[in-house]
Amino acid sequence: MSPTHPPLAGRLDGLRSSAIRDLLKLTARGDVVSLAGGLPDVELMPRERLAAAAEAALSHNRCLQYTESPGWMPLREVLADRESTRLRRSVELGEIFVTHGSQQALSLLADVLLDPGALVVVEDPAYVGALQAFRTADARIVTVPLDAEGMCTDDLAALLAGGARPAVVHTVSNFHNPGGVTLSSQRRRELARLAEEYGFWVIEDDPYGELWFDSPAPAPVASHSRNVIRLSSASKIVSPSLRVGWMVAPEPVCRAVELLKQGADLCGSALAQQIAADVLADVPWLTDHVDHVREVYGERAKALVHAMRTRIGDRVHCRDASGGMFVWAQFTDGTDVDRLLPEALAAGVAYVPGSAFAVGGGYRDSMRMCFTTFDAATLDLAVDRLASALG
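Values in this document were obtained by computation on a predicted structure and should not be read as measured data.

**Describing the environment of Arg76**
Assignment of secondary structure puts Arg76 in helix α3 (residues 73-87). Along the sequence, Arg76 and Gln273 sit 197 residues apart, while their C-alpha atoms lie 9.3 Å from each other. Those residues in contact with Arg76, other than ones at most four positions away along the chain, are Pro70, Gly71, Leu93, Gly94, Ile96 and Val98.

As structure tokens, this is what we get:
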């Protein structure tokens, strides 16, 4: 007889595991070329530079102790300088808060900004990590569509004019996950204007902004309004294992987040944060490093899109990737990618079905593919296997 345990919290009833993480379990075998993950290429991560930074940190005992809940002060100084350049204004130390990756920032902000039942507006298709954070907070989630210029702010304006009063609007402004698109300059200004007119917070989620291929993304939404909370991370440009993310937010928000973080994990890793401060402050080295990552990823993105257009042709529509890590492909011939997935796995290729990013259903004709971890020849092989599965 199975033991009877006390019940779990009711908030878990509406949650489900990330379809992407579940899919990664199925694609672990070596004969599958998996375009399903959202992982930076480990071969491009600066192991020797990180080792030198770790050795420098370990030359004294400060890295072995607890650090401040908002983050190690020298790292926050580095981040304040970087973000001041991006936002084209002076960012104060009190506006910088370091988190255990930017996903923790999303989780903490959901608790700080949202009461149960509060309205949150997200893009459709949506970043699944944001959906998980907002669902955990018992928020009501409403969507606005994406197009080639990012979030459709006209749709958001119509929603607001119709009486909707969100507490939060979430956007992945640069090289969207999963859509791959970037919010235009005009829409950034409009989103900031709407936030101030209607009194809601914008969470600008920007882990990919430095991974542009042809030209930098426009100025952040946060440069246009103090109602915008900006999130970023070292994961995509240095290494995910550092687990160093950060937010730029008004001081009252940072202080509220600090209270919750103290209850969650007290503080981050002093060692990891000192390593991150070392490499992020080394501007000449970091510039060269990120330039190289951009060059490699840009070539791989072009290779994947070219293979899809050449091998699958008019059956699928793929936008050119101008940065980031993902290509969003939409079939035009009625292909159901959820039903196709078992055949694709049998053929030795994996992707994430678009339905994994849908809030209210849909996108069964679309898929997300990550191009970062394979060279052009392997990407060609993956598309050949996909074409074989399509028949």
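**Re the pattern of salt bridges**
Pairing between side chains of opposite charge can happen when the charged atoms of each approach one another. Scanning all chains against the criterion turns up 21 salt bridges. Salt-bridge contacts for Asp41 lead to Arg300; the nearest nitrogen and oxygen are separated by 2.8 Å. Placement of Asp41 in the loop between β1 (33-34) and α2 (47-57) and of Arg300 in helix α10 (residues 283-311) is noted, with a sequence separation of 259 residues between them. Here Arg89 makes a salt bridge to Glu95, at a shortest N to O gap of 3.2 Å. Of the two residues, Arg89 and Glu95, both sit in the buried class. Through salt bridges with shared partners, a single network forms among Arg49, Asp278 and Asp282.

**Overview of helix α4 (residues 101-113)**
The end-to-end C-alpha separation of α4 is 19 Å, in line with the 18 Å expected for 13 residues at 1.5 Å each. Turning to α4, its buried residues are Gly101, Ser102, Gln104, Ala105, Leu106, Leu108, Leu109, Ala110 and Leu113.

**Thoughts on the environment of Arg300**
Judged by its relative accessible area of 14%, Arg300 is buried. Put simply, Arg300 and Met325 are 25 residues apart on the chain and 9.6 Å apart in space, counted from C-alpha to C-alpha. In this structure, Arg300 is in contact with Asp41, Phe371, Thr372, Thr373, Phe374, Asp375 and Leu379, ignoring residues within four places of it in sequence.

**Considering the packing of helix α9 (residues 270-281) against α10**
Put simply, α9 and α10 touch, their axes get as near as 5 Å, and they point 85 degrees apart. Classified by the interaxial angle, the pair formed by α9 and α10 is roughly perpendicular. Listed contacts from α10 to Val279, Leu280 and Ala281 of α9 are Val283, Trp285 and Leu286. Split by residue class, the contact of α9 with α10 holds 6 nonpolar, no polar and no charged.

**Describing the packing of helix α11 (residues 337-347) against helix α12 (residues 376-390)**
In contact at an axis separation of 9 Å, α11 and α12 are set at 130 degrees when each is read in the N-to-C sense. In terms of orientation, α11 lies oblique with respect to α12. Both α11 and α12 take part in a crossing whose hand is right-handed. Between α11 and α12, the contacting residues are Leu340, Glu343, Ala344 and Ala347 on the first element and Arg385, Leu386, Ala389 and Leu390 on the second. Each residue belonging to the contact of α11 with α12 can be placed in one class, and the counts come to 6 nonpolar, no polar and 2 charged.

**Thoughts on the sheet that holds strand β13 (residues 352-353)**
Pairing between the strands of a sheet is mediated by backbone hydrogen bonds and can be parallel or antiparallel. Spatially, β10-β11-β14-β13 is the arrangement adopted by the 4 strands of the open sheet, whose pairing is antiparallel. Single-partner strands in this sheet number two, and they are β10 (316-318) and β13. Of the strands in this sheet, β10, β11 (326-331) and β14 (366-370) are in contact with α10, which crosses β10 at around 160 degrees.

About the criteria used
- Residues numbered from 1 in each chain as written.
- Predicted model: local features only at pLDDT ≥ 70, side-chain atom pairs only at ≥ 80, totals over all residues.
- Heavy atoms only, no water.
- Helix = DSSP H or I, 4+ residues; strand = E, 2+ residues; numbered from the N terminus.
- Contact = heavy atoms within 4.5 Å.
- Salt bridge = Lys/Arg side-chain N within 4 Å of Asp/Glu carboxyl O.
- Buried < 20%, exposed > 50% of the residue type's maximum accessible area, 1.4 Å probe, protein only.
- Expected span 1.5 Å × (residues − 1).
- Axes fitted to C-alpha atoms, helices over the stretch in contact; angles between N-to-C directions.
- Parallel < 35°, antiparallel > 145°, perpendicular 65-115°, else oblique.
- Nonpolar A, V, L, I, M, F, W, Y, C, P; charged D, E, K, R; others polar.
- Left-handed = near helix turned anticlockwise from the far one by under 90°.
- Pairing = 2+ DSSP bridges.

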